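Chain by chain, the residues run as shown.
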Amino acid sequence: MAAQREDKEPEDKKPENIEPEDRALEEKLAESLADLVPETRTVSEDEFAEVVGGALEAVGGRLLFKMHLDKDGESEHVAAASVGDGGDRQFLLLTLPASGGALKVEAASKSGNPVAKIAASYAGLMDVFQAAA
């Protein structure tokens, strides 16, 4: 099974409307995850964190937070991550059905998932805490 980007998106979020650097980052991360995601078995939170952590390490990213959500009767793992620093920092959202399947990797700025909206705010909060420490 290969990790993939889901293309069932509104017109402004279709692949042809995504910034080239966002698309390149999504594709690079999805490729690094291709052999790590289980297909048809239940995925634990620890397994999800391990897969996401390994993939982010490969692209120099940092896990911001992860959570387990029930959405429309389906359970899924969700993680937000950042890649880069300063003005070049990009935020990603990674989602995986808890029942297994394809990992969805997308730029948080282009995601329709409500969790994506808090990624940048959370990263800013963590920056403030780190500076205060």
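Scroll up a little and you will see the structure.
Just so you know, these numbers come straight off a predicted model, no measurement behind them.

Caption draft 1: Looking closely at the overall build of the protein. Of regular secondary structure, the protein possesses three helices and four strands. Its helices and strands taken in sequence order, the protein reads α-α-β-β-β-β-α from the N to the C terminus. Across the protein, the fraction of contacts at a sequence separation of at least 24, relative to all contacts at a separation of at least 6, is 50%.

Caption draft 2: Broad picture of the packing of aromatic side chains. Per the counting criterion, the structure on display carries one aromatic pair. Centroid distance phenylalanine 65 to tyrosine 122: 5.1 Å. Interplanar angle 70°. Geometry classified as edge-to-face. One end of the pair, phenylalanine 65, is in strand β1 (residues 61-71); the other, tyrosine 122, is in helix α3 (residues 119-132), and 57 residues separate them in sequence. Judged by its relative accessible area of 10%, phenylalanine 65 is buried.

Caption draft 3: Structural view of a nonpolar patch on the surface. Together, Leu125, Met126, Val128 and Phe129 give the surface a local cluster of nonpolar side chains, amounting to about 360 Å² of exposed area. In this fold, methionine 126 is placed in helix α3.

Caption draft 4: Expanded view of the environment of leucine 94. Among the structural elements, leucine 94 can be located in strand β3 (residues 90-97). Each C-alpha atom of the pair leucine 94 and phenylalanine 48 lies 9.9 Å from the other, and the pair is 46 residues apart in sequence.

Caption draft 5: Broad picture of the side chain of asparagine 113. By the secondary structure assignment, asparagine 113 is in the loop between β4 (104-107) and α3. Take asparagine 113: its relative accessible area is 8%, and that puts it in the buried class. Here the side chain of asparagine 113 touches valine 115 through a polar contact of 2.9 Å, landing on its backbone nitrogen. Residues contacting asparagine 113, with those up to four places away along its chain left out, are Lys71, Glu76, Leu93 and Thr95.

Parameters and conventions
Residues numbered from 1 in each chain as written. Predicted model: local features only at pLDDT ≥ 70, side-chain atom pairs only at ≥ 80, totals over all residues. Heavy atoms only, no water. Helix = DSSP H or I, 4+ residues; strand = E, 2+ residues; numbered from the N terminus. Contact = heavy atoms within 4.5 Å. Phe/Tyr/Trp six-rings, centres within 6.5 Å; stacked < 30°, edge-to-face > 60°. Buried < 20%, exposed > 50% of the residue type's maximum accessible area, 1.4 Å probe, protein only. Patch = residues over 30% accessible without salt bridge, like charges linked within 9 Å, V, L, I, M, F, W, Y side chains within 5 Å. Areas by Shrake-Rupley, 256 points an atom, 1.4 Å probe, with all protein chains shown as cover. Salt bridge = Lys/Arg side-chain N within 4 Å of Asp/Glu carboxyl O. Polar contact = N/O pair within 3.5 Å; in protein donor to acceptor, adjacent residues only side chain to side chain.

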